[in-house]
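A closer look at the structure
This is what each chain is made of:
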Amino acid sequence: MAVSDHVDFATFMEGVKKRNPGQTEFVQAVQEVAQDIFEFIEDKEEYHEAQILRRIAEPDRVVSFRVCWEDDNHNIRVQRGWRVQNNNAIGPYKGGIRFHPSVTESVLKFLAFEQTFKNSLTGLPMGGGKGGANFNPKGKSDSEVMRFCQSFMTELYRHIGPDTDVPAGDIGVGGREIGYMFGQYKRITNRWEGVLTGKGQEYGGSQMRPEATGYGAVYFLQNMLKHQGQDIEGKTAVISGSGNVATHAAEKITQLGGKVLTMSDSGGFIHDPDGIDQEKIDWIKHHKTHTRGRISDYADHFTNATFHEGKRPWSVACDLALPCATQNELNEDEAKELVRNGVQAVSEGANMPTTLEGVHVFHDAKIMYGPGKAANAGGVAVSGLEMSQNSERISWNHERLGQMLTELMEGIHGKCVEYGDDGNGYVDYVKGANIAGFKKVADAMLAFGVV
Ligand code: NDP
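Residues numbered from 1 in each chain as written. Predicted model: local features only at pLDDT ≥ 70, side-chain atom pairs only at ≥ 80, totals over all residues. Heavy atoms only, no water.

What follows covers the site of the ligand. Of all residues adjacent to the ligand, which total 26 residues, the nearest are Asp170, Thr213, Ser266, Arg294 and Asn351. A distance of 2.9 Å is found between an oxygen atom of the ligand and a side-chain nitrogen or oxygen belonging to Arg98. One of the backbone nitrogen or oxygen atoms of Asn244 is found 2.9 Å away from an oxygen atom of the ligand. For the ligand, the protein covers 83% of the area, taking 880 Å² as the surface of the free molecule. Mapped by element, the contributors of at least two residues to the shell around the ligand are α8 (209-227), α9 (244-255) and β7 (259-265). (Near = heavy atom within 4 Å. Polar contact = N/O pair within 3.5 Å; in protein donor to acceptor, adjacent residues only side chain to side chain. Areas by Shrake-Rupley, 256 points an atom, 1.4 Å probe, with all protein chains shown as cover. Helix = DSSP H or I, 4+ residues; strand = E, 2+ residues; numbered from the N terminus.)

Here is the structure:
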C-alpha cells in the first residue's frame, strides 16, 4: 500500500520553484491553478495518491533545438526553437507557435500548461502543448520569414503529426507563417495531413478560425453579462493589442452595439473617443498585417484620435476591458485604476495578460473577470473543428461554424459557473475554469494508471 504524499499548497509550490529555477512565468501559471485545485482535491485522496497535480505540472517533454537560417545579406543567423508537449491525456498535444524575441522555455511551459486546461474546457479531445522561437519577424522580408519557417519546420516535423501534436499560430505566427511551415512539412514528409491548424482556406483551413479567438472572447463576455442580466449594447470597451485577437474582438464588440475606444501595440496605444468602427478596424487589420506598420500611424490617419507612446490603455475609463496583446500586460495598479473608473467586466483575449495581483483586485471588487483559459478558448475550439474537418475531408460553412463557436463558448461559460459560483451571486471564473479543466484531464490520467 502506497503512503500518500499529501503535501500542502506551500510545500507543493516550493517544489515547483525549486525544480524550475528562473522560470517565473511558468511558476506563476502553476501557482494560479494549483491554489484552486488544492481546495478542490482536499478530500479526494485518489488524486493525491496518484500525484496528479505534480504530474500535470511536469511537461511530458520539452524539445529544444537550434534554428539556423540565412538573412538577405547572406549572414548566418542562429535562433532557438522549442516545442513543449505538456499533456496528452485527452487527445493529441495542441497549441500555438509563437515567434517573438521574448520567447523563452519558461514562457512556452506556462503557455503549454495553461493550454492543457483550456483545451479540456472546450470539451473536444485535445491535449496541451505550445511552441515557438526567439525569432522576431518584425522588419524581416518575406523571403527571410520563409527561410526561417522552413528551417524551424525541418526540425519540428519529427515531433508532430495529426494524431501526435497539432500546432497552430500565436503571436508572430499568422496565415503567412503557417503556410510556409505547412509547405515545408508536406515537402519533407510527402504527406498532406492536418498537422497544423490556422491554415489558409485554399489548403484545408477552417472558416471562422481567424475570427474565432477574438469573437469567442466577446461571446464569453456576453455570457458573463447575460448571467447578470446585462448585455454589450451601448457599453464602452478598452482593448489592448492590434493583432488577430484584438481586431476580431473589436469587430464583434462593434457588431453587438458596443463602442471600442482603444487599441495598442508594443509601441503604445491609440485612444479614439469617436469609437473604432468597422471601417477603422479594417484599416488597422490591413495596416498591421499587410503594410506591417505601427498603431501610432492610426492617429495620423484618423485625426480625432491620440497616440500615447510607451503606454498601455488601462487608464481610459470604460465599462468593459479586453486585454488581447500579451502576458502580464495589466498589473495591480492598472487593475485598480480600471475598477476606480467603473469597469464592469474583463474578458481576456490574450493568455495570462493580468498579473496575479491584478486578478486579486478584480476578485476583491467582485468584477466579472473571465480568464484567458476560458475566454480565449474559442480559437483552439475552432482549431479542433479544423482537425475534424481535415480528418473527414470535408469543410463546414461559415454559418455552421459560427453557430458551433457560439455554443462552445456558452458551454465553457456554463462549466465555469458550475464550479465557480460562490452561492452568493458571484462567479469566480478562474476557479471554475481551473477545476472544470483539471477534472477531465485528471480523471483520464487516473484511468491510465502510473504512466
Ligand atoms: P498577433 O501577433 O496577431 O498580435 C499581437 C499583438 O500584441 C500585436 O498588436 C503586438 O504588437 C502586441 N504585443 C505583442 N507583444 C507585446 C508586448 N510585449 N507589449 C505590448 N504589446 C505586445 O498575436 P495574436 O493576436 O494571435 O495573440 C495575442 C494574444 O492572444 C497572445 O497572448 C496569444 O497567446 C493569445 N491567443 C491567441 C490565439 C490566436 O488564435 N491567435 C488563441 C488564444 C490566445 P506589435 O505589433 O508591436 O508586436
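Below, the discussion takes up the sheet that holds strand β9 (residues 306-309). Ordered by their spatial adjacency, seven strands build an open sheet running β9-β8-β7-β6-β10-β11-β12, and the pairing between neighbours is mixed. Unpaired on one side and paired on the other, β9 and β12 (368-370) mark the two borders of the sheet. Adjacent strand axes in the sheet meet at a mean angle of 15°, parallel and antiparallel pairs treated alike. Here four bridges tie strand β8 (residues 268-271) to β9, and the two strands are oriented antiparallel to one another. What sits directly across from Ile270, in β9, is Phe307. (Pairing = 2+ DSSP bridges. Axes fitted to C-alpha atoms, helices over the stretch in contact; angles between N-to-C directions.)

Judged by side-chain charge, Asp274, Asp277, Glu279 and Asp282 come together as a negatively charged surface patch. Glu279 gets classed as exposed once you look at its relative accessible area, which sits at 61%. (Patch = residues over 30% accessible without salt bridge, like charges linked within 9 Å, V, L, I, M, F, W, Y side chains within 5 Å. Salt bridge = Lys/Arg side-chain N within 4 Å of Asp/Glu carboxyl O. Lys, Arg positive; Asp, Glu negative; His and termini not counted. Charge placed at Lys NZ, Arg CZ, Asp CG, Glu CD. Buried < 20%, exposed > 50% of the residue type's maximum accessible area, 1.4 Å probe, protein only.)

Let us now look at empty space enclosed by the protein. For the structure on display, the rule yields one cavity of 30 Å³ or more. In this structure, the largest cavity occupies an estimated 60 Å³ of space. Taken together, Glu32, Glu114, Glu348, Asn351, Met352, Thr354, Tyr369, Pro371, Gly372 and Lys373 form the lining of the largest cavity. Across the lining of the largest cavity, the residue classes break down as three nonpolar, three polar and four charged. (1 Å grid on protein atoms, 1.4 Å probe; cavity = no way out; pocket = protein on both sides within 12 Å on 5 of 7 lines; lining within 4 Å. Points joined across faces, edges and corners; volume = space filled by probe spheres on them. Nonpolar A, V, L, I, M, F, W, Y, C, P; charged D, E, K, R; others polar.)

A few words on the pairing of strand β4 (residues 128-133). With six of six residues buried, β4 lies mostly within the body of the structure. By the alternation rule, side chains of β4 split into Gly128, Lys130 and Gly132 and Gly129, Gly131 and Ala133, which are all buried. With respect to chirality, the unit in which strand β3 (residues 93-99) leads through helix α5 (residues 105-122) into the neighbouring parallel β4 is right-handed. (Right-handed = clockwise from strand over helix to strand, strands pointing away.)

Another point: the packing of aromatic side chains. A complete count under the given rule lists 21 aromatic pairs for this structure. Summarising the aromatic geometry, the rings of Phe65 and Phe152 are spaced 5.4 Å apart at their centres and angled 45° between planes, so their arrangement reads as tilted. Of this pair, Phe65 sits in strand β1 (residues 61-70) while Phe152 is found in helix α6 (residues 142-156), placing the two residues 87 residues apart along the sequence. Given the relative accessible area of 7%, Phe65 is considered buried. A relative accessible area of 0% places Phe152 in the buried class. With 5.6 Å between their ring centres and 75° between their planes, Phe220 and Tyr429 make a pair best called edge-to-face. Here Phe220 is found in helix α8, whereas its partner Tyr429 is found in helix α17 (residues 429-448), with 209 residues between them in sequence. When the ring centre of Phe26 is taken as origin, the NZ or CZ atom of Lys109, which lies over that ring, is 4.6 Å away. (Phe/Tyr/Trp six-rings, centres within 6.5 Å; stacked < 30°, edge-to-face > 60°. Lys NZ or Arg CZ within 6 Å of the ring centre and 35° of its normal.)

Time to look at the environment of Val195. With respect to the helices and strands, the residue Val195 is situated in the loop between α7 (175-189) and α8. A relative accessible area of 0% means that Val195 is categorised as buried. Note: C-alpha distance between Val195 and Pro162 (33 residues apart in sequence) is 4.6 Å. Setting aside its immediate chain neighbours within four residues, Val195 contacts Ile160, Gly161, Pro162, Asp165, Val166, Pro167, Phe182 and Tyr185. (Contact = heavy atoms within 4.5 Å.)

Let us look at the domain arrangement of the chain. Here the chain is described as being made up of domain 1 (9-56), domain 2 (61-192) and domain 3 (210-375). Here domain 1 and domain 3 have C-alpha centroids that lie 31 Å from each other. For the pair domain 1 and domain 3, the summed buried area comes to about 570 Å², and 56% of that belongs to carbon and sulfur atoms. If you sort the residues of domain 1 by the area they bury against domain 3, Glu25, Gln28 and Glu32 come out on top, with a joint share of 74%. The interface formed by domain 1 and domain 3 includes one salt bridge. When the shortest N-O distance is used, the salt bridge between Glu32 and Lys373 registers 2.9 Å. Where domain 1 meets domain 3, there are two residue pairs in polar contact (both at pLDDT 80 or more). Taken together, the residues of the side of domain 1 that touches domain 3 break down into two nonpolar, three polar and two charged. (Domains from an automatic or database assignment. Buried area = accessible area lost by both parts, 1.4 Å probe.)

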